[in-house]
Amino acid sequence: MSRALYTLVTAVALVSFNAIAQEVNLERGNLLYEILEKSYNNPIIKDKYTADPAALIYDNKVYIYAGHDQAPDNEERYIMNEWLVYSSDDMVNWQEHPVPLKPIDFKWARGDAWAAQVIEKAGKFYWYVTVQHDDSNPGKAIGIAVADSPLGPFKDALGKALITNDMTTQTKISWDDIDPTIYIDDDGTPYLYWGNQVCKYVKLKDNMIEMDGPIHTIDLPKFTEAPFIHKRGEWYYLSYAYDFPEKIAYAMSKSLTGPWEFKGIINEVAGNSNTNHQSIIEFKDDWYFVYHNGSIPTHGSSFHRSVCVDRLYYNIDGTIKRIIMTSEGIQPEN
């Protein structure tokens, strides 16, 4: 073979080899992309914008109750006309259920399905909600709905608001009575926490729908909103939205009524969302951090949020490790 022909054959072979290699790499890249795409479990709901998640564990299932962000893609304001509910028995696969409750189900309310939480007691499910009160008592208010099932149907349990704006005077804003969270202590006593700018709490009667004593306040650094109570061992944890844009911080106490010791930040600003709202649960011996961000492309934002779930871990002394927010979220067990 002449040198010229050898050179030509070699060049053609190299071009063919490079083309094949590029095609193989492209196929590998596409396969890797598909694998990664399938492993993305955050956000857990991708066909609707969901926010302010509150998790309930009942009968070996997790129920997440969330507000529904319904503003058009080009609008930057909160439009929330209903709450949604999803359930899972593995924290990976989530089933949507029919809309269980709307603000209009409270005759005294005008709208706004803001943050809410459901708790079970003695076979009844009590849903503490934030809504806009009608003009008879302007401002945000806290109502209670009740049902015999975690999926409803829910109905107004009290026929009026439990908390109205005129009952709290620590701030001059009309939205300081929002984000209710409920916790039943070991002795069966229920406590309701809520607030914006000032964290408040009150003991409830055994019937879950009446206050049992005065409203108290808790002094927490840079408290914005979204209080949530959970317990592990002998420690109570009060987590909350801190500063603005919101991070999640927390305090610890040996008592639901304090004193509370501030421990620091556990979750940074949650991608593309000024707000941050959490619940913390233990399910099948693992701890989970349920929150929202604004990550759904291309319209995810502070007004088009999405519920996510990641693992939560503790240090030996009981303090909480920083949350690592992931796209993978919770993965199936092998």
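It should be noted that the structure appears before, not after, this text.
Residue indices begin from 1 for each chain and proceed along its sequence in written order. Restriction of local features to residues with pLDDT of at least 70 applies here, the model being predicted, together with a cutoff of 80 or more for giving and counting side-chain atom pairs; totals for whole chains, interfaces and linings are based on all residues. The basis for every side-chain value is the complete set of non-hydrogen atoms in the structure, without hydrogens or water.

Colleague: What exactly am I supposed to notice about the overall build of the protein here?
Modeller: Along its length, the protein carries one helix and 19 strands. Classification of residues uses two cut-offs on accessible area relative to the type maximum, computed with a 1.4 Å probe and protein chains only: under 20% is buried, over 50% is exposed, and between them is partly exposed. Taken across its 334 residues, the protein has 52% of its residues classed as buried. Contacts are residue-level and defined by heavy atoms, with any inter-residue pair within 4.5 Å sufficient. In the protein, of all internal contacts separated by at least 6 residues, the share reaching a separation of at least 24 is 49%. The numbering of helices and of strands both runs from the N terminus, where a helix is a DSSP run of H or I of at least 4 residues and a strand a run of E of at least 2.

Colleague: How should the sheet that holds strand β13 (residues 223-232) be read in this particular structure?
Modeller: Two modes of strand pairing occur in sheets, parallel and antiparallel, and in both the strands are linked by backbone hydrogen bonds. Reading across the sheet, the four strands line up as β13-β14-β15-β16 and stay open at both edges, with antiparallel pairing between neighbours. The outermost strands of the open sheet, each flanked by one partner alone, are β13 and β16 (261-267). Averaged over all pairs of adjacent strands, the angle between their axes in this sheet comes to 25°, without regard to strand direction. Two strands form a pair only when DSSP identifies at least two bridges running between them. The pairing of strand β14 (residues 235-242) with strand β15 (residues 247-253) spans seven bridges and is classified as antiparallel. Looking across to β15, one finds that Y237 is bridged to M252. Note on definitions: angles span 0 to 180 degrees between N-to-C directions of axes, and those axes are lines fitted to C-alpha atoms, for helices only across the stretch in contact.

Colleague: I'm lost on unusual backbone geometry in this one. Help?
Modeller: In terms of backbone geometry, most residues other than glycine have negative phi values and most peptide bonds are trans. Here the residue pair N42 and P43 is connected by a cis peptide bond, since its omega of -5° sits within 30 degrees of zero. A cis amide bond links P297 with the next residue in sequence, T298, at an omega value of -5°. Considering the arrangement of structural elements, one finds T298 in the loop between β18 (286-293) and β19 (306-311). One non-glycine residue, M208, adopts positive backbone phi at about 75°. If you trace the backbone, M208 turns up in the loop between β11 (199-203) and β12 (216-218). Exposure remark for M208: the relative accessible area of 0% places this residue in the buried category. In this structure, D285 is a non-glycine residue whose phi angle is positive, near 75°. Tracing the backbone through its elements, the reader meets D285 in the loop between β17 (279-283) and β18. Using a relative accessible area of 69% as the deciding quantity, one classes D285 as exposed.

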